[in-house]
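Next come the chains, spelled out residue by residue.
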Amino acid sequence: MSTHPHITHDDIEHRFGYHRATFPVGYDPRTTTTRLTRFSGDLDEDGNVATAPRHAFVRQTFIAAADALIEIVPEGREQALMLTALQEAAMWANAGVAMQSPLIRE
């Protein structure tokens, strides 16, 4: 029994389940350049939020941040911790994006 009564089994499944990436109608990752804009209008064929372009945006944003910061932060412990923190932030950002897509029931 959960010690947090406000967290339901469905909440736990949603947090730990696999969420498939979804693509906007007509999106082809081989030919479509990810737009660096808000993605409010991107829906897949089922009307769900299309997450693939959002994941790409997260990756592009963190790569750009890491590239810029690595130029000004000297090598050493601080730089290593900075990169670890950026990786963690990217992971949480992608987890948040993934939670918008449908849960795959296994």
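Basis of the calculations
- Residues numbered from 1 in each chain as written.
- Predicted model: local features only at pLDDT ≥ 70, side-chain atom pairs only at ≥ 80, totals over all residues.
- Heavy atoms only, no water.
- Helix = DSSP H or I, 4+ residues; strand = E, 2+ residues; numbered from the N terminus.
- Buried < 20%, exposed > 50% of the residue type's maximum accessible area, 1.4 Å probe, protein only.
- Contact = heavy atoms within 4.5 Å.
- Areas by Shrake-Rupley, 256 points an atom, 1.4 Å probe, with all protein chains shown as cover.
- Expected span 1.5 Å × (residues − 1).
- Axes fitted to C-alpha atoms, helices over the stretch in contact; angles between N-to-C directions.
- Parallel < 35°, antiparallel > 145°, perpendicular 65-115°, else oblique.
- Left-handed = near helix turned anticlockwise from the far one by under 90°.
- Nonpolar A, V, L, I, M, F, W, Y, C, P; charged D, E, K, R; others polar.
- Arc of directions from axis to C-beta.

**Focus on the overall build of the protein**
Inference 1: A count of helical and extended segments in the protein gives three helices and two strands.
Inference 2: Of all 106 residues assigned to the protein, the portion counted as buried reaches 25%.
Inference 3: When contacts within the protein are restricted to residue pairs at least 6 apart in sequence, long-range pairs at least 24 apart make up 59% of them.
Inference 4: For the protein, the accessible area works out to roughly 7800 Å², and carbon and sulfur atoms hold 59% of it.

**Describing helix α2 (residues 52-72)**
Inference 1: Over its 21 residues, α2 extends 31 Å from the first C-alpha to the last, a length consistent with the 30 Å expected when each residue adds 1.5 Å.
Inference 2: Burial in α2 covers these residues: A52, P53, R54, H55, A56, V58 and A66.
Inference 3: As for α2, its buried residues are in contact with α3 (77-98).

**Some points on the packing of α2 against α3**
Inference 1: Contact geometry for α2 and α3: axes closest at 10 Å, N-to-C directions at 170 degrees. Between α2 and α3, the interaxial angle falls into the category roughly antiparallel. Here α2 and α3 pass one another in a crossing that is right-handed. Facing R54, H55, V58, F62, A66, L69 and I70 of α2, the residues of α3 in contact are Q79, M82, L83, L86, A89, A90, A93, N94, V97 and A98.
Inference 2: Broken down by class, the residue content of the contact of α2 with α3 amounts to 13 nonpolar, three polar and one charged.

**A closer look at the environment of A56**
Inference 1: With respect to the helices and strands, A56 occurs in helix α2.
Inference 2: Along the chain, A56 and N94 lie 38 residues apart, while their C-alpha atoms are 9.3 Å from each other.

**Details of the environment of T51**
Inference 1: Summarising the element assignment, T51 is placed in the loop between β1 (18-19) and α2.
Inference 2: On the basis of relative accessibility, which here comes to 0%, the residue T51 falls in the buried class.
Inference 3: For the pair formed by T51 and N94, sequence separation is 43 residues and the distance between their alpha carbons is 9.2 Å.

**Comments concerning α3**
Inference 1: In a regular helix each residue adds 1.5 Å, so 22 residues correspond to 32 Å; α3 covers 31 Å between its end C-alpha atoms and thus fits that length.
Inference 2: Residues of α3 that are buried: Q79, M82, L86, A90, N94, V97 and A98. Buried residues of α3, seen end-on, are gathered within an arc of 145 degrees and therefore sit on one face of the element. Away from the buried face of α3 by more than 90 degrees, exposed residues R77, E78 and W92 are located.

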